[in-house]
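The primary structure of each chain is shown beneath.
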Amino acid sequence: MFEQVPTDIRFYSSEIIEATIYDSKRVSDAAGRLMWLVDARVDRVIKGSINTNTAKILFYDACTLFGGHGTILGELEDNPLWGRVLIPKQHYVR
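Per chain, the residues get numbers from 1 upward, laid out in the order the sequence is written. A pLDDT threshold of at least 70 governs which residues receive local features in this predicted model, and a stricter bar of 80 or more applies before side-chain atom pairs are shown or counted, although totals over entire chains, interfaces and linings include all residues. No hydrogens and no water enter the side-chain calculation; it runs on all heavy atoms of the structure.

*Asks:* Could you clarify how one ought to interpret the overall build of the protein in this entry?
*Replies:* A run of H or I in DSSP becomes a helix once it reaches four residues, and a run of E becomes a strand once it reaches two; helices and strands are each numbered from the N terminus. Tallying secondary structure elements over the protein gives 0 helices and 5 strands in all. For the protein, the N- to C-terminal ordering of α and β elements is β-β-β-β-β. Working definition: with a 1.4 Å probe on protein chains only, accessible area under 20% of the residue-type maximum means buried, over 50% means exposed, and in between means partly exposed. When the 94 residues of the protein are sorted by exposure, 41% land in the buried category. In what follows, residue pairs with any heavy atoms lying within 4.5 Å of each other are defined as contacts. For the protein, restricting intrachain contacts to residue pairs at least 6 apart in sequence, the fraction spanning at least 24 positions comes to 57%. Throughout, the Shrake-Rupley method with a 1.4 Å probe supplies accessible areas, and for residues the shown protein chains are the sole cover considered. Of the accessible surface of the protein, which amounts to about 5600 Å², a share of 49% is contributed by carbon and sulfur atoms.

Here you go:
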């Protein structure tokens, strides 16, 4: 998560939102891989098609620090288990 969007990365992702994370839980996919499913309030859409007040964000990597407020960039994906989720660009999540 960024506190401010760096101007040089706006073209790397189709979705960029300012969000406040309020919940997270450990989940696994059909293959048994562990990941985090995070619920966030969408405070502002900077770029993209997200048009809801909340978003589900799915972290595949072993990131364990959740909570707070920041900017998340990624791609939307329809997931058969959790519906429409935002998949962050992992190397841009701080």
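Additional details are given in the paragraphs that follow.
*Asks:* Got a minute to help me understand the pattern of salt bridges in this structure?
*Replies:* Whenever Lys or Arg places a side-chain nitrogen within 4 Å of a carboxyl oxygen from Asp or Glu, that contact is recorded as a salt bridge. Under the defined criterion, the tally for this structure stands at 6 salt bridges. Here Arg41 ties to Asp43 by a salt bridge, and the two come within 2.7 Å at their closest N and O atoms.

*Asks:* Sorry, what's going on with the nonpolar core here?
*Replies:* For soluble globular proteins, nonpolar side chains are generally found buried alongside one another. The definition of a nonpolar core used throughout is a set of buried Ala, Val, Leu, Ile, Met, Phe, Trp, Tyr and Cys residues joined through side-chain atoms within 4.5 Å. By size, the foremost hydrophobic cluster in this structure holds 13 residues, and its most contacted members are Ile17, Val38, Ile57 and Ile72. Residue assignment for this core shows that the elements contributing at least two residues are strand 1 (15-28), strand 2 (34-47) and strand 3 (54-59). Element by element, the count of residues in this core is highest for strand 2, at 4 residues. The next biggest cluster of nonpolar side chains, apart from the first, holds 7 residues, and it includes Val27, Leu37, Trp82 and Ile87.

*Asks:* Help me understand the pairing of strand 2, please; the structure alone is not making it clear to me.
*Replies:* Where a strand is regular, its side chains alternate between the two sheet faces. Here 12 bridges tie strand 1 to strand 2, and the two strands are oriented antiparallel to one another. Residue pairing across strands places Lys25 opposite Leu37, the latter belonging to strand 2. Pairing between strands is defined by DSSP: at least two bridges between the two strands are required. Two successive antiparallel strands, strand 1 and strand 2, enclose a turn made up of 5 residues, where Gly32 displays a positive phi of approximately 90°. Note that strand 2 and strand 3 share 6 bridges and pair antiparallel.

*Asks:* Sorry if this is basic, but what is going on with the sheet that holds strand 5 (residues 83-88) here?
*Replies:* Around the barrel, which closes on itself, the 5 strands sit in the order 1-2-3-5-4 with mixed pairing between neighbours. Taking the axes of each pair of neighbouring strands and ignoring which way they run, one obtains an average angle of 50° across the sheet. Sheet topology note: the strand 3/strand 5 ladder contains 2 bridges and is parallel. Across the sheet, the residue bridging to Ile57 is Leu86, located in strand 5. To obtain an axis, a line is fitted to C-alpha atoms, over the contacting stretch when the element is a helix, and the angle between two such axes runs from 0 to 180 degrees between their N-to-C directions.

*Asks:* Looking at this structure, how should I read the side chain of Asp39?
*Replies:* Note that Asp39 resides in strand 2. Residue class for Asp39 comes out buried when judged on its relative accessible area of 15%. Sequence-distant contacts of Asp39, that is, excluding residues within four places in its chain, are made with Thr20, Ile21, Tyr22, Asp23, Ala55 and Lys56.

*Asks:* Help me understand the side chain of Asp29, please; the structure alone is not making it clear to me.
*Replies:* Its location among the elements puts Asp29 in the loop between strand 1 and strand 2. Among the residues examined, Asp29 registers a relative accessible area of 13% and is labelled buried. Definition of a polar contact: a pair of N or O atoms within 3.5 Å, with one able to donate and the other able to accept a hydrogen when the atoms are protein atoms, and with sequence-neighbouring residues admitted only if both atoms are side-chain atoms. In terms of polar contacts, Asp29 uses its side chain to reach the backbone amide nitrogen of Ala31, at 3.0 Å. In this structure the side chain of Asp29 is engaged in a polar contact, spanning 2.6 Å, whose partner is the side chain of Arg33. Discounting residues that sit within four places of it in the chain, Asp29 has contacts with Met35, Leu81 and Trp82.

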